[in-house]
Amino acid sequence: MKNQQKVTVFTAKKIHTMDQGNPEAEAIAVLDGKILSIGTLEFMKPWLDRYDVTYDDTLKDKIILPGLIEPHSHCWMSAGFLGLDYIGPLPWPGLNGINPPHPHYEDVIEYLKEIHAKKEDPNEAIIAWGFDPANQGGSLDRKVLDAISTTRPIFVIGFVPHFAYLNSPAIEMANIPEGLQSPHILREENGDLKGVFLESDGAKLAIAPIIDVISELGGEKGLKFMSGIGHRAGITTIADLMFGVLNYDEELKDHVNATNDPDFPIRMSLTPHAMSMTLAHGDKAPEFVKGLKQYETDKLFFTGVKFLSDGSFPLMGSQVNFPGYLDGGNGVDGDASFKEMLPYWKAGFQIHCHANGDLALDNSLDMLAKLQEVHPRFDHRFTIEHYAISNPMQARRLKALGGLASVNNYFSHFRSLLHSEHAYGPDRAQREARLGSLEREGVIFALHSDYPQVVVPMHPLTAVYAAVTRIAEDGKTVVAEHERIGVERALRAVTIDAAYILGLEDKIGSLEQGKMADFTVLDQDPMEVEPEEIKDIPIWGTVLGGKINKC
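By the naming in an unreviewed UniProt entry, the chain is Amidohydrolase family protein, taken from Flammeovirga yaeyamensis.

Trainee: What's the story with the pattern of salt bridges in this structure? I'm lost.
Mentor: A side chain of one charge can pair with a side chain of the opposite charge when the charged atoms of the two come close. Counting across every chain of the model gives 29 salt bridges. Across the salt bridge formed by Arg381 and Asp379, the nearest N and O atoms sit 3.0 Å from each other. The closest approach of N and O atoms between Arg396 and Glu441, which form a salt bridge, is 3.1 Å. Of this pair, Arg396 sits in helix H15 (residues 392-400) while Glu441 sits in helix H19 (residues 435-441); the two residues are 45 residues apart in sequence, bridging distant segments of the chain. Arg396 gets classed as partly exposed once you look at its relative accessible area, which sits at 44%. By sharing partners, the salt bridges in this structure join Lys14, Glu24, Asp525 and Glu528 into a single network.

Trainee: Would you mind going over the environment of Lys13 with me for this structure?
Mentor: Along the chain, Lys13 falls in strand E1 (residues 3-16). Lys13 has contacts with Leu59, Lys60, Asp61, Lys62 and Ile63, leaving out every residue within four places of it along the chain.

Trainee: Help me out: how do you make sense of the packing of aromatic side chains in this one?
Mentor: The relation between two aromatic rings is expressed through the spacing of the ring centres and the mutual angle of the planes. Counted by the stated rule, this structure contains 18 aromatic pairs. Look at Tyr344 and Phe349: their rings are 5.8 Å apart centre to centre, the planes differ by 70°, and that puts the pair in the edge-to-face class. Take Tyr344: its relative accessible area is 1%, and that puts it in the buried class. Relative accessible area serves as the criterion here: at 10%, Phe349 is assigned to the buried category. Sitting above the plane of the Trp345 ring, Arg377 keeps its charged end 4.4 Å from the centroid.

Trainee: What's the story with the nonpolar core in this structure? I'm lost.
Mentor: Generally speaking, soluble globular proteins have nonpolar side chains that are buried together. Membership of the largest hydrophobic core comes to 145 residues, with the highest contact counts inside it found for Leu112, Val156, Phe307 and Leu438. By residue number, the principal contributor to this core is helix H20 (residues 460-469), which donates 7 residues. Dropping the residues within four chain positions of it, Leu438 is found in contact with Tyr387, Ala395, Leu398, Ala405, Val407, Val443 and Phe445. In this structure, Ala25, Val30, Ile38 and Leu511 belong to the second largest nonpolar core, which totals 16 residues.

Here is what the cut-offs are and how they apply
Residues numbered from 1 in each chain as written. Predicted model: local features only at pLDDT ≥ 70, side-chain atom pairs only at ≥ 80, totals over all residues. Heavy atoms only, no water. Salt bridge = Lys/Arg side-chain N within 4 Å of Asp/Glu carboxyl O. Helix = DSSP H or I, 4+ residues; strand = E, 2+ residues; numbered from the N terminus. Buried < 20%, exposed > 50% of the residue type's maximum accessible area, 1.4 Å probe, protein only. Contact = heavy atoms within 4.5 Å. Phe/Tyr/Trp six-rings, centres within 6.5 Å; stacked < 30°, edge-to-face > 60°. Lys NZ or Arg CZ within 6 Å of the ring centre and 35° of its normal. Core = buried A, V, L, I, M, F, W, Y, C linked by side-chain atoms within 4.5 Å.

Printed below as a string of structure tokens:
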């Protein structure tokens, strides 16, 4: 007797499954939002004979991939930033359209002065986002911003919000505890606050007075805006790797509401910031984070916790080994420590540890080694996030310790030549994102953008292009050619291996029976076009749980 449940069969020009035992298919059958069967129509016949089947040929001339995954971004936090006055170096999406660029430091200062002149209320704050000193030059601090106004509060957030810059009235609003000493709060020689605040410890204090403004600009509406950017890039799942750092209650409410909307085109995976959880809940933090599972649905997941070992690569806060920075000095510390990691490790959490510089990577690997010594674990999936500056033996050690890497390889295309002259020098900047070394050592890795907190797009096909070609920002120079990888390996890094790093490989990442029916639909085959053309392949749309969402 025929089953009366409805099955939809999608046919395509070609389907790349990322199932290495069944790499290609011609059709895919979907039941209740999941994959019933995949292969040829003849192969699937035993299933199709038993169901009420509709054949959908909408995608018959298209290329289907598993839904692309963005395994490291910052949607909730950044949606609010996108609504602020933009002072970044490139044209950039905002909540009201594309914002114009401010290429040079002088342009930034002039624009801040324009904003000041236009505001009628002398006490209304200026809140600007997007400063990128390596791109734009110059520096900001209390004195520079006081030269614009000593009466109106001015808050400037770096393109990467690891940095915040405040003038005197803004510092007064921030109400920094008297006598507070921190490497993340810069002071003049006489002890006065310099108006420069670093990393989560410092920047969180600096922007506390304006957090309600940022929350209101973002919120549920901002999440939907960010999901649209992801959808147009062919993404079906986005992971936010800093959940709960600014406003836990609002972030949770907005994510629950947004993902409950049947028209929300993205699945969300949230990774809490461990130290924010620890500060709020003390030694009960691991149990509290486990409790987040109660909010999970088929469109909202909570996976692991996040620590930071150093600062930002593009804002020149990475911690590096000898000989340090081109002009002396080094990057900044993060919040990661063995002591703070241990309770989460013992509770069975996957730990994601941000490490941009090779010194930070050494420190992170040392912490992993000590965790394994004190409390051995199998399949722990300790993941180095960013994995920007490294050497081949660090890849070998990561493999030996059972770790993974989620790599921001966009920098090899967008910033390798820039940072050859700013901060890191050519040896480190041009060998950023050593994917070839990771592959040779057998380390599982994903590719991510960190969008929009670095000056790169959220566009996985661009990550694939950069991984395969390693063409720098001038469009011609190939940097560290022996760190290139093949197209199939790069596609795995934005599909099944990205899912594995998020602990969601049983649900998404490949087109296999029983998994969610999430596809990315392309007009051309990335396996067949020239590598230089991969980033320009038109994205037709996505399928989420069997529902077509055309771009």
